[in-house]
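Letter by letter, the chains look like this.
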Amino acid sequence: MDSVGPMELSCAFPPRSDLPELVSHAERLGYERAWVYDSPALFGDVWMALARCADSTSRIGLGPAVLVPSLRHPMVNAAAIATLEQLAAGRVTVALGTGFTGRHVLGQRPMTWTATERYLNQLTGLLRGEVVEVDGARCQMIHPDGYIAERPVRVPLLVGANGPKGLAVAERVGADGVISIFGAQPGWDRCAVFAYGTVLDGDESLPSDRVMSAGGPGAAVGCHGLCEADPALLEGLDGGPGWRDAVERFPASERHLHTHREHFVAMTERDREAVTPELIGATTWTAHADELRVRLDETAASGVSEFVYAPMGDDPRRELEAFRSLF
């Protein structure tokens, strides 16, 4: 496929009922890879969704981004990876991190990097066919021939890392690369960056209903993240104080059930009151094509190897097509 410099274009979606059709459309458009979120309190099951996509496509890469270790025993993810590799041989890549929404929406903080590193070592050991210790017991993939991909299962592994601790873990576990929300990471030739927004049409402007629908959910995630990091940070956004007041009306013990509603899909009423056109323009990849191409060239030049675009709004096919036209 064509690319902006050496940078690949991939896409990302939540597990949804029409995911195989959307990923098939992305494959026809020339997207390199389709990543699928792991957040079972919000979306469908990531592995079931990926298996369906494997059966409906033939070329596009497939993988979870990012797996949350605490949601499954290492053997469960190892077996799922080996099953997907059997269904889509040579097309699987796996990204794994400490968990953001996947844990927050369960009322939990992200995992420590110590626990994540231990899990990564267990998982990769299992995929190599080794005997590893998990929860004090010795475990090994002893599947009969033909039930999963042949061991060792060799699939690229990326670590979701945005800071020095995560990058150090990625290096120690021998990761093939990293996936980030903050751009290129020093020392990593393979670096995927997650992004969202919408390409403006002709004389279309930021306040349009379509742009609010397609660009708003990505901007709203800033409110979700700031609330989890420190609710006081919301005071720095124009609509932040009102968003904070609205979510803090819920009991503290249930607040996590409301903070991330419609995450990366749509906007709640409090999101719509807080997300302004200016916020969308400042925090997402929302602009006219010429401006976005300049930004993409700069991103490729910075060392990003894979641009992972997450379409949102009412017409994800349109979003996929519009972003593909930039490359």
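Residues numbered from 1 in each chain as written. Predicted model: local features only at pLDDT ≥ 70, side-chain atom pairs only at ≥ 80, totals over all residues. Heavy atoms only, no water.

### Examining the pattern of salt bridges
Next, step 1: By the definition in use, this model includes 16 salt bridges.
Next, step 2: A salt bridge links Arg128 to Glu130; the shortest N-O distance between them is 2.7 Å.
Next, step 3: Arg318 is the salt-bridge partner of Glu319, the closest N and O atoms lying 3.1 Å from each other. Of the two residues, Glu319 and Arg318, neither departs from the other in class, the shared state being buried.
Next, step 4: Among the charged side chains, a salt-bridge network with shared partners connects Asp201, Glu204, Arg210, Arg318 and Glu319. (Salt bridge = Lys/Arg side-chain N within 4 Å of Asp/Glu carboxyl O. Buried < 20%, exposed > 50% of the residue type's maximum accessible area, 1.4 Å probe, protein only.)

### Things to note about the state of the cysteines
Next, step 1: Tallied over the entire structure, the rule returns 0 disulfides.
Next, step 2: With no disulfide partner, Cys11 has as its closest neighbouring cysteine sulfur the one in Cys53, 9.1 Å distant.
Next, step 3: Note on Cys223: no disulfide assigned, nearest cysteine sulfur contributed by Cys227 at a separation of 8.9 Å.
Next, step 4: On the basis of relative accessible area, Cys223 is assigned to the buried category, the value being 1%. (Disulfide = S-S within 2.5 Å.)

### Overview of the packing of aromatic side chains
Next, step 1: Under the counting rule described, the total for this entry stands at 10 aromatic pairs.
Next, step 2: Ring geometry for Phe194 versus Phe264: centroids 5.4 Å apart, planes at 45°, classification tilted. Linking Phe194 in strand β9 (residues 191-195) with Phe264 in the loop between α9 (256-259) and α10 (269-274), this pair joins segments that are 70 residues apart in sequence.
Next, step 3: Residue Phe264 is classed as buried on the basis of its relative accessible area of 12%.
Next, step 4: When the ring of Tyr196 is compared with that of Phe264, the centres are 5.2 Å apart and the planes differ by 55°; the resulting orientation is tilted. One end of the pair, Tyr196, is in the loop between β9 and β10 (199-200); the other, Phe264, is in the loop between α9 and α10, with 68 residues separating them in the sequence. Phe264 carries the same exposure label as Tyr196, and that label is buried.
Next, step 5: Joined through ring pairs, the aromatic side chains of Tyr37, Phe43, Phe194, Tyr196 and Phe264 make up one cluster. (Phe/Tyr/Trp six-rings, centres within 6.5 Å; stacked < 30°, edge-to-face > 60°. Helix = DSSP H or I, 4+ residues; strand = E, 2+ residues; numbered from the N terminus.)

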